[in-house]
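Structural overview
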Amino acid sequence: QAANLNAIRDSVDARLQSTGLPVYRHSFVFNGANLANVLARQSGHLHDSSVWIVDAHFDGVANTPGADDNASGVAGMLEIARILTQYEFEESVHYIGFDVEEAGLVGSNRYTTQAIAPGDLIQGVFNFEMIGYYSNAPNSQQLPAGFDQLFPAVSAAVLADSSRGNFLTNVGNVNSLPLLALFDTAAARYVPALRVLSLAVPGNGQIAPDLRRSDHAMFWDRGFQALMLTDGANFRNQQYHLPGDSAATLNFEFMTNVVKATLAATALAARPMSAGKDDMAYPFALALEDEHAHHAHCKLQLLPNPNSGVFVVKIAGCDRPFGPADLRIFSLDGREHYHERLKAAIQHEIRPEIVLPPGHYLVVV
C-alpha cells in the first residue's frame, strides 16, 4: 500500500508539473511514515497574496480501487489546473493534493497549521470529495439522521424528487455563505444542467459530523471559507469504501458538469485578466532623421513581460544606429509615467527607475 500511495503522489506531482506551475511537497511524518501533500501555485498578477484553493485528497482505503473516493476528486482538481493555467488572473489559485485524509484529515490538518505560506491570505477553498456517482433511480439518495431538522428545505427538495441521487451537494458553514452563493451563481449561469443543493452548516459543523468528513473541515476550524463539493458518499454510493468502488460505476457526464461549475466559480473568484498570454518580439522599421529612404530594422523587447515592476526595455538587432528617439510609458488612462530621450545607437538597453502601480501599460518608442 505504501508503494501504491507513493506512485499516486508522484503521479499527481507530475500532472501538476506538466501545467508549468512551480510544484512543491509539504512533507510530514505520520505514524512513522514519510508522507507529503503536493501543492502547485498559480500566481495572481495584481494580488498574489489573495489565494483561492482547489483541492482533493489522493489517498484511499485499502483494498478498494477508490474511483469515486477519491480519484474522481483528484481528476477534477487536475483538470481545473490544466485549464486555468492557460489564463491570467488578478488573484492566485493554488492546487493541492492532500495526503492521509482517510486517517483523520491528517494532510489538511498539517497544511493549515504548518504550511500556509507567510503572507498568503486564503480567500476560499473548493474541496472535491467524491464527485462521480450519480443515480436517477428513486430512493437512491439517503439522508443522515436529523438532516430534515437541520436543513428542512433541502430535505424537502430531495423527498419531492423521490429521493433521487441526481444532484451535487454544496456544503459550507455559515462563515462560508459568500462562497456558497458564488458557487451557486456560477453553476446556474454556466452549467444549468447541474442540479445543486446547498447547505450552510451552523458553526464549524460539529452539530452535523457527517458534513465534516473531508479536508474542508480543517479550513473551517481556522476561520477560512471552504466548500465540500460531494456526491453524498455512502448516502448515495453503496460501494463506498468497498472493492466495488470502480471507474465503471461513475457517471462522467455528471462529474464533468461538477468540474465545469467549480472551474467557473474559481475563475470568477480569482478574476480573469485576459484570454491568454504570449511572449512576442515585434520587428518594425523606423525612419531616421534626414534619412527617410533608409530604415533601421530592429527588435523591441520588454523583459520580463508580465513583470512585478522591475523590467528592461531593449532595442537590438538594428542594421544601423537607431535614434534619436523618445521612449515613453503610458497607463491605459493616457497618463504618461516615464519619458527618456534616446541618442542614436546600434542597440539600447533602458532600465526605467520608476514605481508603477500594478496594471497594464503601453511602452511607446
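Our subject is the structure that appears above.
All values reported here derive from a predicted model rather than from experimental measurement.

Rules of the game
Residues numbered from 1 in each chain as written. Predicted model: local features only at pLDDT ≥ 70, side-chain atom pairs only at ≥ 80, totals over all residues. Heavy atoms only, no water. Helix = DSSP H or I, 4+ residues; strand = E, 2+ residues; numbered from the N terminus. Buried < 20%, exposed > 50% of the residue type's maximum accessible area, 1.4 Å probe, protein only. Contact = heavy atoms within 4.5 Å. Areas by Shrake-Rupley, 256 points an atom, 1.4 Å probe, with all protein chains shown as cover. Core = buried A, V, L, I, M, F, W, Y, C linked by side-chain atoms within 4.5 Å. Axes fitted to C-alpha atoms, helices over the stretch in contact; angles between N-to-C directions. Parallel < 35°, antiparallel > 145°, perpendicular 65-115°, else oblique. Left-handed = near helix turned anticlockwise from the far one by under 90°. Nonpolar A, V, L, I, M, F, W, Y, C, P; charged D, E, K, R; others polar. Pairing = 2+ DSSP bridges. Disulfide = S-S within 2.5 Å. Salt bridge = Lys/Arg side-chain N within 4 Å of Asp/Glu carboxyl O.

**What about the overall build of the protein?**
- Counting its secondary structure elements, the protein contains eight helices and 17 strands.
- Taken along its principal axes, the extent of the C-alpha atoms in the protein is 85 × 45 × 35 Å.
- Across the 365 residues in the protein, those meeting the buried criterion constitute 46%.
- Excluding contacts between residues fewer than 6 apart, the proportion of contacts in the protein whose partners are at least 24 apart in sequence is 71%.
- With an accessible surface of roughly 17400 Å², the protein has 53% of that area assigned to carbon and sulfur atoms.

**Digging into unusual backbone geometry**
- Residue Pro304 follows Leu303 across a cis peptide bond; omega there is -15°.
- With respect to the helices and strands, Pro304 occurs in the loop between β12 (291-303) and β13 (312-316).
- A cis amide bond links Gly323 with the next residue in sequence, Pro324, at an omega value of -5°.
- Its place among the elements puts Pro324 in the loop between β13 and β14 (325-331).
- The phi angle at Val100 is positive, at roughly 50°, despite the residue not being glycine.
- Position of Val100 relative to the elements: it lies in the loop between β5 (91-98) and α3 (106-115).
- A positive phi angle is found at Ala233, which is not glycine, with a value near 55°.

**Brief notes about α3**
- Every buried residue of α3 is listed here: Val106, Gly107, Ser108, Tyr111, Thr112 and Ala115.
- Along its buried surface, α3 packs onto β1 (23-30), β2 (33-42), β3 (47-57), β5, β6 (121-129) and α7 (216-221).

**Focus: the nonpolar core**
- Ranked by internal contacts, the top residues of the largest apolar core, which has 47 residues, are Leu16, Met77, Tyr95, Phe126, Phe128 and Phe183.
- The greatest single-element share of this core, amounting to 11 residues, is contributed by helix α8 (residues 252-270).
- Among the nonpolar cores identified, the runner-up in size contains 25 residues, and Ile96, Ala115, Leu197 and Ala208 belong to it.

**Description of the packing of helix α1 (residues 2-17) against helix α2 (residues 67-84)**
- Packing of α1 against α2 leaves a shortest axis separation of 9 Å and a crossing angle of 20°. Taken together, the axis directions place α1 and α2 in an arrangement best described as roughly parallel. α2 is crossed by α1, and the crossing has right-handed handedness. Contacts between α1 and α2 pair Val12, Arg15 and Leu16 from the former with Val74, Met77, Leu78 and Ala81 from the latter.
- In the contact of α1 with α2, the residues fall into six nonpolar, no polar and one charged.

**Section: the sheet that holds strand β17 (residues 361-364)**
- Taken in spatial order, the three strands of this open sheet run β15-β14-β17, and their pairing is antiparallel. Of all strands in the sheet, those with a lone pairing partner are β15 (336-342) and β17, marking the two edges. In this sheet, adjacent strand axes meet at a mean angle of 10° when their direction is disregarded.
- Bridge count between β14 and β15: six bridges; the pairing is antiparallel. Residue pairing in the sheet places Leu327 in a bridge with Glu340 of β15.

**Observations concerning the state of the cysteines**
- What the rule picks out here adds up to one disulfide.
- In this model Cys298 forms its disulfide with Cys318; the gap between the sulfur atoms is 2.2 Å. What sets the handedness of the Cys298 and Cys318 disulfide is the S-S torsion sign, and at about 120° it is right-handed. Taken as a pair, Cys298 in strand β12 and Cys318 in the loop between β13 and β14 lie far apart in primary sequence, 20 residues in all. Each member of the pair, Cys298 as well as Cys318, is classed as buried.

**So, the environment of Pro144**
- Residue position: Pro144 is located in the loop between β6 and α4 (147-150).
- Through-space distance from the C-alpha of Pro144 to that of Asn234 is 9.9 Å; in sequence the pair is 90 residues apart.
- With near-sequence residues (within four places) excluded, Pro144 lies in contact with Asp210 and Phe235.

**Some thoughts on the pattern of salt bridges**
- Taken as a whole, this structure holds 15 salt bridges when the rule is applied.
- With its nearest N and O atoms 2.6 Å apart, the salt bridge here joins Asp99 to Arg9. Placement of the pair is Asp99 in the loop between β5 and α3 and Arg9 in helix α1, with a sequence separation of 90 residues. By the burial criterion, Asp99 is buried, and Arg9 matches it.
- A salt bridge links Asp326 to Arg341, with the nearest nitrogen and oxygen atoms 2.7 Å apart. A residue pair is termed long-range when its members are at least 10 positions apart, and Asp326 in strand β14 and Arg341 in strand β15 qualify at 15 residues.

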